[in-house]
Amino acid sequence: MALETDGTVLMRGDNGPGVSVRVLVDSGRLRLLSGNELVGDWQVRELGINTLQDGFAIKAEGEEFVLRAVDDASLAEELGIVAASPRMARKVAALHNPEEPESSPATDAMAGPESGVLAIAFALGGVLVLLGGTLLRVAPTTVVAFQTVEGTAVRDAAELWLAFVIGGVLMVAVAYVMAIGTKWARTVSILVMAVVVALFAWVISTADNNPSYLTAYGFIAGGLVVGVAALFSGGNQSSE
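These numbers come from a predicted model, not from an experiment.

Chemist: I'd like to hear about the side chain of Thr5, residue by residue, with values.
Modeler: Within the secondary structure layout, Thr5 lies in strand E1 (residues 3-11). Polar side-chain contacts of Thr5 include one of 3.3 Å to the backbone nitrogen of Asp71. Residues contacting Thr5, with those up to four places away along its chain left out, are Val21, Arg22, Val23, Ala69, Val70 and Asp71.

Structure below.
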């Protein structure tokens, strides 16, 4: 593979800026040109080459000079002296390592240190909803399911305890996905919250007013408030 780059050359021991040259490496030969003038043309295998902190010490035909190149990593690779210097080996490795893809804003919003706090808050909301569903299950029932009061069907809220338990478990699971920074976690968390909130609103509007359910309702409502607050906090951070 041919290489062409700019550089400077000066005799070993000189302190001047050096002579600007065009560096060409092709078919195992190293050529240095200053303008249209050929400064040197050598077989690479016949040269003595050592890496320096800021270039290469090259011994050719009894003379030793220092060559500095703009693309010194590619030049070192072409000259076959990558392993001679750990610094140069790292520079050559960087040439072949593609840049990491830029993360999307949605991923960044869920992957920072704040995402851990939001995930914990969302998980706490899920635990509260789960506890509320459990309390509905164990609370004493004082009315009959589907009892009709003045023509309106009244449902015993305890019948839906499992739905709230499942909703709480889903919130905890989504909180874990939020914590690891999955890009679609926010979308799933919004869907889960919408379903649980809608379920709770429906239960409040159609179920009986059994006083023994108030504690369960309080836990569920508290969990929903915490979950929604976590989502809105995440949304505000995404927009900044």
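Picking up where we left off.
Chemist: Describe the confidence of the model for the chain, and please don't skip the residues or the numbers.
Modeler: With 74% of its residues at a pLDDT of 70 or more, the chain has an overall mean of 77. Counting interchain partners and residues more than four positions distant, the pLDDT-below-50 stretch residues 103-111 has 11 contacts. Note that residues 236-240 has pLDDT below 50 and, in this model, three contacts with residues that lie over four places away or in other chains.

Chemist: Account for a nonpolar patch on the surface, with residues named and values stated.
Modeler: On the surface, Val127, Leu131, Val172 and Phe219 cluster together into a nonpolar patch covering about 270 Å² of accessible area. Judged by relative accessible area, which is 37%, Leu131 ranks as partly exposed.

Chemist: Residues and numbers for the pattern of salt bridges, please.
Modeler: As enumerated under the stated definition, the model contains five salt bridges in all. Across the pair Asp41 and Arg29 runs a salt bridge, and its minimum N-O distance is 2.9 Å. Of this pair, Asp41 sits in strand E4 (residues 37-43) while Arg29 sits in strand E3 (residues 29-34), and the two are 12 residues apart along the sequence. Note that Arg31 is salt-bridged to Asp41, the shortest N-O span being 3.4 Å. Remark: Asp41 occurs in strand E4 and Arg31 occurs in strand E3; sequence separation between them is 10 residues. Overall, the relative accessible area of 27% leaves Arg31 in the partly exposed class.

Scoring rules and cut-offs
Residues numbered from 1 in each chain as written. Predicted model: local features only at pLDDT ≥ 70, side-chain atom pairs only at ≥ 80, totals over all residues. Heavy atoms only, no water. Helix = DSSP H or I, 4+ residues; strand = E, 2+ residues; numbered from the N terminus. Polar contact = N/O pair within 3.5 Å; in protein donor to acceptor, adjacent residues only side chain to side chain. Contact = heavy atoms within 4.5 Å. pLDDT = per-residue confidence, 0-100. Patch = residues over 30% accessible without salt bridge, like charges linked within 9 Å, V, L, I, M, F, W, Y side chains within 5 Å. Areas by Shrake-Rupley, 256 points an atom, 1.4 Å probe, with all protein chains shown as cover. Salt bridge = Lys/Arg side-chain N within 4 Å of Asp/Glu carboxyl O. Buried < 20%, exposed > 50% of the residue type's maximum accessible area, 1.4 Å probe, protein only.

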